[in-house]
Amino acid sequence: MKNTVENLREAINYHNYRYYVLDSPEISDAEYDRLMRELKKLEEEYPHLVTPDSPTQRVGASPVEAFGVVEHPSPLLSLANTFSEGELIEWNNRIIKLLGSQHPTFACELKMDGLAVALTYVNGLLQHGATRGDGFRGEDVTQNLRTIKSLPLSVSKEAPPKFEVRGEVYLPVKGFKKLNDTRAAEGLPLFANPRNAAAGSLRQLDPRVTARRPLDIYIYGLGYAEGKSVPSSHLEIMEYLKSLGFKVSPYSKYCENIMDVEGYHSYWAGHRGDLPFEVDGVVAKVNTLSLQVELGDVGREPRWAIAYKFPAVQGTTRLINIGISVGRTGTLNPYAILEPVSIGGVTIRQAALHNAEDIGRKDILIGDTVIVQRAGEVIPEVVGPVVSKRTGQEKKFVMPSRCPECGTEIVKTEGEVAVRCPNLNCPAQVQERLQHFVSRGGMDIEGVGEKLIAALLKEGYVSDVADFYSLTAEQLLKVERMADKSVANILESIKNSRERPLARLIFALGILHVGEEMAATLARHSGSLDKLAGADTEELLSIPNIGPKIADSIREFFKEERNLKTIEKLRAAEVKLEEKTVDVGSLPLKGKEFVLTGKLEHFTRPQAEARIKELGGGAGDNVTRKTGYLVYGADPGSKLQKARSLGVKVLEESDFIALLEEASGQVRSGPDKSGLSRRAGSRRAGSERSGLSQSGVTS
Ligand code: IVH
């Protein structure tokens, strides 16, 4: 029996490792559950066969009154921080000077935003795990750490008889969001960020609570090892720990010199948002251990390592008031008016608040001190209040019952969180609709922006989207001081926009719930705007990905008298309302799989992929021998190297544009310049939300 139990245990531990550490399971979940049930059953029958490293022993021991204290045999140091290339180079110069003729090379790692722990293994078994604490003494959180599935409870007999590994416990972003959703549903306060959530989860007195939180861990160092020699460089040690069954970061990189470190930092500064967990910088470590020893520590920081941080993404400030903007489809969107705060070098004055329900859910009051977050290009958002800073003067937000722009009584559709102004002539909606029409993902009319539209509306030169096509030079000259040349350019780009593909026109019309991808589907299946307008619900529902909500909103749109009038005006202005239907089999990119990497200047990802698909090609995520083309933009990732090593054709953005032009020339017998503007600008398609995209942020 002992053998059966041991074999089962070994099998489960192996599959656990495949699943949680390597991310590459070999058996189904059902199969895994079956093994687990079998082991549980046997252990219940023969309790003397239970061992501390059995996978059944992870799921949460009984709660404790308080954590025990663990003295760290060697202190857990912290890292010196730097925020600029200049400071990084100074650090490099200092260590080069100290090392004399010995040239340091570096191991670069991501700086995980979680909390540090030290784990001690004795004779192959996890003996205890502790938080960093003050660096000298931490809290004994062994029972909680045992619930982290990627952490081995036992390691190979080959490992040193006693050793300590160090690493970062973190909560992946998905798990964090899910946890907050559940807490919101239960009326509990939300965690401000994944790090706080991870710390809160690990420092639970009841390990059963920890077991329900999807914590994970990356090991980033060896504290000490007794009784066996270990490799002599950091990266080799990481490989060694990996071979013992620990989860080590796959994102680490060997860097020959400080400029490579700079490159690693700038790459991840741009790609941090693609990671499934939060990072706040990179860590550069001198790779050779003997050089680390030689460099030693200053105070509580090693000289041989440095944290090179990314610009901050969160800050706190006061919520002065909550404003309301009206979106293109009439939604009333509350937004935060903030005391200006600088976050990562950008001054934030306004931030998104989503909807009234969200404000209530996050328990945000007017006058609160709030945590504000900005990430990449997305609109800054209010994460939540700092409740401890309340004075009692804060006020609850109430959604107005009338549209702040036109005074019409607002409506709430059942099943939707947003409230709407139902007045299609509401000036705010008209402005937003016109902006959406000319936006990049829409008809892409260069030179016509927010201000010009506002002026044209004021003069009464435009009132619906079709009016752009009857604008004259005199009118344009009258509303804005412009050179003749600019006026001519605007008129030219308006004229050219008449030839845009049907998908763009459908998107540009701004039908509720019809985004870029949906518009492409509708164009492909209908072939013309008239057919789409005439389709009944049943026909619409037969199109893939279209459900009743979208079908209804399309029907509503084409029932509206004003919209039909606009379409007639577009027809009269000779705007193309149909697509030549093409046989997919004959499309020029048929059978070609594209993979995109890095930041493209002229397209968003969905735009580039839509163009590829329009021409019969496919878009994938992984580079394999079957990949037709790898298209790369700024800061390409490892995919570029992989493509090169596999002999896959690589295209930079301009080659890609040329290829698309050539291919669309084959479809439409004449190159389609319409979909491809070569300029870089920031006129993106407006979302259904409005108001904040530019105005909230100033550099
Ligand atoms: S090395 C002496 N490597 O950053 C070396 N730390 O500010 C100290 N951290 O307490 C740690 N990712 O919690 C190291 N790849 C990484 C890290 C990392 C995150 C955290 C760790 C530490 C803090 C130091």
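Everything quoted here is computed from the prediction, not taken from an experiment.

Cut-offs used in this document
- Residues numbered from 1 in each chain as written.
- Predicted model: local features only at pLDDT ≥ 70, side-chain atom pairs only at ≥ 80, totals over all residues.
- Heavy atoms only, no water.
- Helix = DSSP H or I, 4+ residues; strand = E, 2+ residues; numbered from the N terminus.
- Buried < 20%, exposed > 50% of the residue type's maximum accessible area, 1.4 Å probe, protein only.
- Contact = heavy atoms within 4.5 Å.
- Phe/Tyr/Trp six-rings, centres within 6.5 Å; stacked < 30°, edge-to-face > 60°.
- Lys NZ or Arg CZ within 6 Å of the ring centre and 35° of its normal.
- Near = heavy atom within 4 Å.
- Polar contact = N/O pair within 3.5 Å; in protein donor to acceptor, adjacent residues only side chain to side chain.
- Nonpolar A, V, L, I, M, F, W, Y, C, P; charged D, E, K, R; others polar.
- Axes fitted to C-alpha atoms, helices over the stretch in contact; angles between N-to-C directions.
- Parallel < 35°, antiparallel > 145°, perpendicular 65-115°, else oblique.
- Left-handed = near helix turned anticlockwise from the far one by under 90°.
- Pairing = 2+ DSSP bridges.
- Core = buried A, V, L, I, M, F, W, Y, C linked by side-chain atoms within 4.5 Å.

A. Here's a closer look at the environment of Pro152. Secondary-structure assignment places Pro152 in the loop between α4 (142–145) and β7 (162–170). Since its relative accessible area comes to 12%, Pro152 is described here as buried. Sequence separation between Pro152 and Pro55 is 97 residues; the distance between their C-alpha atoms is 9.4 Å. Apart from the residues within four sequence positions on either side, Pro152 is in contact with Arg58, Tyr121, Leu126, Gly245 and Phe246.

B. The packing of aromatic side chains, seen in detail. In the structure shown here, the tally under the stated rule is 17 aromatic pairs. An angle of 90° between the planes, with centres 6.1 Å apart, marks the rings of Phe163 and Phe246 as edge-to-face. Of the two residues, Phe163 is situated in strand β7 and Phe246 in the loop between α8 (234–243) and β9 (253–255); the sequence distance between them amounts to 83 residues. Of the two residues, Phe163 and Phe246, both sit in the buried class. Ring geometry for Phe437 versus Tyr469: centroids 6.4 Å apart, planes at 85°, classification edge-to-face. With Phe437 in helix α12 (residues 427–438) and Tyr469 in the loop between α13 (450–459) and α14 (473–479), the pair connects residues that are 32 residues apart, well separated along the chain. Across this residue pair, the class does not change: Phe437 and Tyr469 are buried. Clustering of aromatic rings is evident, with ring pairs tying together Tyr170, Tyr218, Tyr251, Tyr267, Trp268 and Phe277. One residue, Lys247, lies across the ring of Tyr218, its end atom 5.3 Å from the ring centre. Arg644 extends its terminal NZ or CZ atom over the ring of Tyr632, reaching a point 5.9 Å from the ring centre.

C. Main features of the site of the ligand. As a structural note, the neighbourhood of the ligand is formed by 14 residues, with Glu109, Met112, Glu168, Tyr220 and Lys285 the closest of them. Here an oxygen atom of the ligand and a side-chain polar atom of Lys111 are 3.2 Å apart. A distance of 2.5 Å separates an oxygen atom of the ligand from a polar atom in the side chain of Glu168. The element contributing the most residues to the shell around the ligand is strand β3 (residues 106–112), with four residues. The residue inventory of the shell around the ligand, partitioned by class, reads nine nonpolar, no polar and five charged.

D. Region of the structure containing the packing of α12 against α13. In contact at an axis separation of 10 Å, α12 and α13 are set at 130° when each is read in the N-to-C sense. Here α13 runs oblique to α12, going by the angle between their axes. Here the hand of the crossing between α12 and α13 comes out right-handed. The residues of α13 that touch α12, namely those facing Val430, Gln431, Leu434, Gln435 and Val438, are Glu450, Ile453, Ala454 and Leu457.

E. Structural context of the sheet that holds strand β5 (residues 125–131). Reading across from one edge, β5-β4-β7-β8 is the order of the four strands in this open sheet, with antiparallel pairing throughout. Both outer strands of the open sheet, β5 and β8 (216–226), are each paired with one neighbouring strand and no more. Here the average twist between neighbouring strands, direction ignored, is 25°. Inspection of the sheet shows β7 paired to β8 by nine bridges, in the antiparallel sense. By the bridge assignment for β8, Val169 is matched with Ile217. Contacts from helix α6 (residues 194–202) reach β4 (115–122), β5 and β7, with the element oriented near 40° to β4. Sheet strands in contact with α8 are β7 and β8, and its direction is about 110° off that of β8.

F. The nonpolar core, seen in detail. In terms of nonpolar packing, the biggest core is built from 54 residues, with Phe437, Phe468, Tyr469, Ile506 and Leu529 touching the most fellow members. For this core, the element with the highest residue contribution is helix α16 (residues 502–508), accounting for six residues. If you look at the next biggest cluster of nonpolar residues, it comprises 33 residues, including Leu153, Leu179, Leu202 and Met238.

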